[in-house]
2 protein chains.
Amino acid sequence: MLGTQAAERLPMPAPTPAPSAGPAGSVRRRAGRPTAAILDQDGITTAALELISTKGYNGLTMAALARSLGVAPSALYNHVASKHDVLLLVEDHLAAMVDVSAFGVEPWDAAVRRWAWSYRDVFSEHTPLIPVIAVLPVANAPKTLAMYEAVTAGFRDAGFPEEKIISAIVALEAFVFGAAYDVNAPEDIFDAGSLAEQVPNLTAAVDRLAKERHALPTDIAFSLGLEALIAGFGALRG
Amino acid sequence: MLGTQAAERLPMPAPTPAPSAGPAGSVRRRAGRPTAAILDQDGITTAALELISTKGYNGLTMAALARSLGVAPSALYNHVASKHDVLLLVEDHLAAMVDVSAFGVEPWDAAVRRWAWSYRDVFSEHTPLIPVIAVLPVANAPKTLAMYEAVTAGFRDAGFPEEKIISAIVALEAFVFGAAYDVNAPEDIFDAGSLAEQVPNLTAAVDRLAKERHALPTDIAFSLGLEALIAGFGALRG
DNA sequence: ACCTGAACACCGTTCAAGT
DNA sequence: ACCTGAACACCGTTCAAGT
């Protein structure tokens, strides 16, 4: 690995002696503490998001992240304890992008609808974070915490019984996470192929959906489930 | 790695000359094709499941799998194309354990309830498979395909409109997958800790749930969501 | 066809040394 | 405190050689 890195370093003819903190391609910085810190958690988060959007989650390695920030991989560990920490930073950034603005403004059902669709859309591009967020103590992610507070307040103000609010949010979230994966499923995921005649009911149902649908299958399923949840939960309000 | 393996091999005094195909600890087998194949996909699947149950998914490496089968890691690639293939084999084995027996026997809502709870319970112990199954073309997994056929037939026989069956199953599945993660969440996942006073609505709702609950929070949320989905979808039947 | 043994190209993480 | 450079202990996968 190190040999590879050394080989990738371009031998620059007469490099400017002032070291730059820019991304890959900048000149060598000599060892020792720099006068001003190069890294911070915000910069790491931004670089991680950029890397994810260009190379996907497979491209998000500590080495690649360090390279895009113009530092050695080990430098990252002065600012995060682990790669999991980087994923947490990214997750919390994304949580702030989920639309909770309708709570307290629009009717409860419309607010839930907006929140759930936006939540699904944000994380469908970041499914590798779902195992992280799904078991993440909210105290570790301030923006995620703020999202839950906004949603909880919206439920309470809409007359939702207090002891059922968390359960309803957890259920909606479970549905959102699963649906985020489904967005990335291939369109023909239910095609049985050569085994079609062994599963006639499934094949018939798949064909009927394909014939009559007027939107993306994943969106139809999401809408169907979300409206059932909204209707069912809405009936709980006092 | 190879050095490590060699160091781990115990120098047995006068080993029995007949090579055994047993698990780790057996004598060295010399290179070349064995008279009878040692591996097959069923054996690999069983060994993978055993490894997962004892060491978890972090312990499921191609090296560990090979060791438990008494072969070199490279031998696995004569029977599977990749580690992802191993995960597929495990996933399909688990799909056969999901309870679809109530479809066509009990009323539709009871059958869906049984199926969904059992589906959640099976995969809550195997959450690393969820990203695999969620985007898996069913043609690649015969037992998974059989599960979908049974569920689809149950929906059709219950008078479900054919063009909505797949969407309803996809929605229920999304909920099940998200809920499977939630089973593994820490109980205090929503405790804001030192930030509690900044999120008063969330904290109040968490406290109320903790005070009044008579079951596991994850089961209450699952039941709440599942019953809403069953009620909403049940109304679609003709 | 189906093994072994060696190698390859990666990973995340640790830690001494430097300023 | 916050970098670099080197090292460590892994990964999954490939492939020639052997029977």
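A quick note: this is a predicted structure, and the numbers were derived from the prediction, not measured. (Residues numbered from 1 in each chain as written. Chains lettered and ligands numbered in written order. Predicted model: local features only at pLDDT ≥ 70, side-chain atom pairs only at ≥ 80, totals over all residues. Heavy atoms only, no water.)

Novice: Would you mind showing me how to read the interface of chain B and chain A here?
Specialist: Size of an interface, as often reported, equals the accessible area lost when the parts are brought together. Taken together, the 58 residues of chain B in the interface contact 58 residues of chain A. Taken together, the two surfaces of chain B and chain A that pack against each other cover about 5,000 Å², and 74% of this comes from carbon and sulfur. The interface formed by chain B and chain A holds 4 salt bridges in total. Summed over the shared surface of chain B and chain A, the result is 11 residue pairs in polar contact (both at pLDDT 80 or more). Counting residues per element, the ones that place at least two in the side of chain B that touches chain A are α6 (130-134), α7 (142-157), α8 (162-183), α9 (200-212) and α10 (217-234) of chain B. When residues in the side of chain B that touches chain A are grouped by element, the largest group, 16 residues, is from α8(B). Considered class by class, the residues forming the side of chain B that touches chain A number 40 nonpolar, 8 polar and 10 charged. (Contact = heavy atoms within 4.5 Å. Buried area = accessible area lost by both parts, 1.4 Å probe. Salt bridge = Lys/Arg side-chain N within 4 Å of Asp/Glu carboxyl O. Polar contact = N/O pair within 3.5 Å; in protein donor to acceptor, adjacent residues only side chain to side chain. Helix = DSSP H or I, 4+ residues; strand = E, 2+ residues; numbered from the N terminus. Nonpolar A, V, L, I, M, F, W, Y, C, P; charged D, E, K, R; others polar.)

Novice: What exactly am I supposed to notice about the protein's contact with DNA strand D here?
Specialist: In the vicinity of DNA strand D lie 30 residues, with R33(A), A72(A), S74(A), G32(B) and R33(B) positioned nearest. Within 4 Å of the protein, the contacting atoms of DNA strand D are drawn from sugar and phosphate to the extent of 50%. Take A72(A): an N or O atom from its main chain is 2.6 Å from a phosphate oxygen of DNA strand D. Per-class residue counts for the surface near DNA strand D are 15 nonpolar, 9 polar and 6 charged. (Near = heavy atom within 4 Å.)

Novice: How do you make sense of the protein's contact with DNA strand C when you look at a structure like this?
Specialist: In the vicinity of DNA strand C lie 29 residues, with G32(A), R33(A), R33(B), A72(B) and S74(B) positioned nearest. Each atom of DNA strand C within 4 Å of the protein was assigned to sugar, phosphate or base; sugar and phosphate come to 53%. Of the residues contributing to the surface near DNA strand C, the split by class is 15 nonpolar, 9 polar and 5 charged.

Novice: Where do I start with the relation of the copies chain B and chain A in this structure?
Specialist: A rotation about some axis, followed by a shift along it, carries one copy of the chain onto the other. Overlaying chain B on chain A yields an RMSD of 0.0 Å, the required transformation being a rotation through 180° with an accompanying axial translation of 0.0 Å. Such a turn and shift between the copies fits a two-fold axis. The C-alpha atom lying nearest the rotation axis in chain B is that of F175(B); the distance is 2.0 Å. The fraction of interface residues of chain B whose copies in chain A are also interface residues reaches 100%, indicating that both copies meet through the same surface. (Least-squares fit on C-alpha atoms with pLDDT ≥ 70 in both.)

Novice: Before we go on, may I ask you to explain the environment of A72(B) in this structure?
Specialist: Residue and element names in this part refer to chain B. Here A72 lies in the loop between α3 (62-69) and α4 (83-95). Accessibility expressed as a relative area gives 43% for A72, which makes it partly exposed. Between the alpha carbons of A72 and V105 there is a distance of 48 Å; along the sequence they are 33 residues apart. (Buried < 20%, exposed > 50% of the residue type's maximum accessible area, 1.4 Å probe, protein only.)

Novice: What is the right way to look at the packing of aromatic side chains in this model?
Specialist: Within the structure shown, the criterion is met by 23 aromatic pairs over all chains. Considering the side-chain rings of Y119(A) and F123(A), the 5.6 Å spacing of their centres and the 65° angle between planes classify their relative orientation as edge-to-face. Of this pair, Y119(A) and F123(A) both sit in helix α5 (residues 108-124), separated by 4 residues, roughly a single helical turn. Judged by its relative accessible area of 1%, F123(A) falls in the buried class. Summarising the aromatic geometry, the rings of Y148(A) and F190(B) are spaced 5.0 Å apart at their centres and angled 80° between planes, so their arrangement reads as edge-to-face. Of this pair, Y148(A) sits in helix α7 (residues 142-157) while F190(B) is found in the loop between α8 and α9, placing the two residues in two different chains. Here Y148(A) falls in the buried class, since its relative accessible area comes to 4%. According to the relative accessible area criterion, F190(B) is buried, its value standing at 11%. Here the aromatic residues F103(A), W108(A), W115(A), Y119(A), F123(A), F155(A), F160(A) and F177(A) are joined through ring pairs into a cluster of three or more. Taking the ring centre of F222(A) as reference, the NZ or CZ of R120(A) above it sits at 4.9 Å. (Phe/Tyr/Trp six-rings, centres within 6.5 Å; stacked < 30°, edge-to-face > 60°. Lys NZ or Arg CZ within 6 Å of the ring centre and 35° of its normal.)

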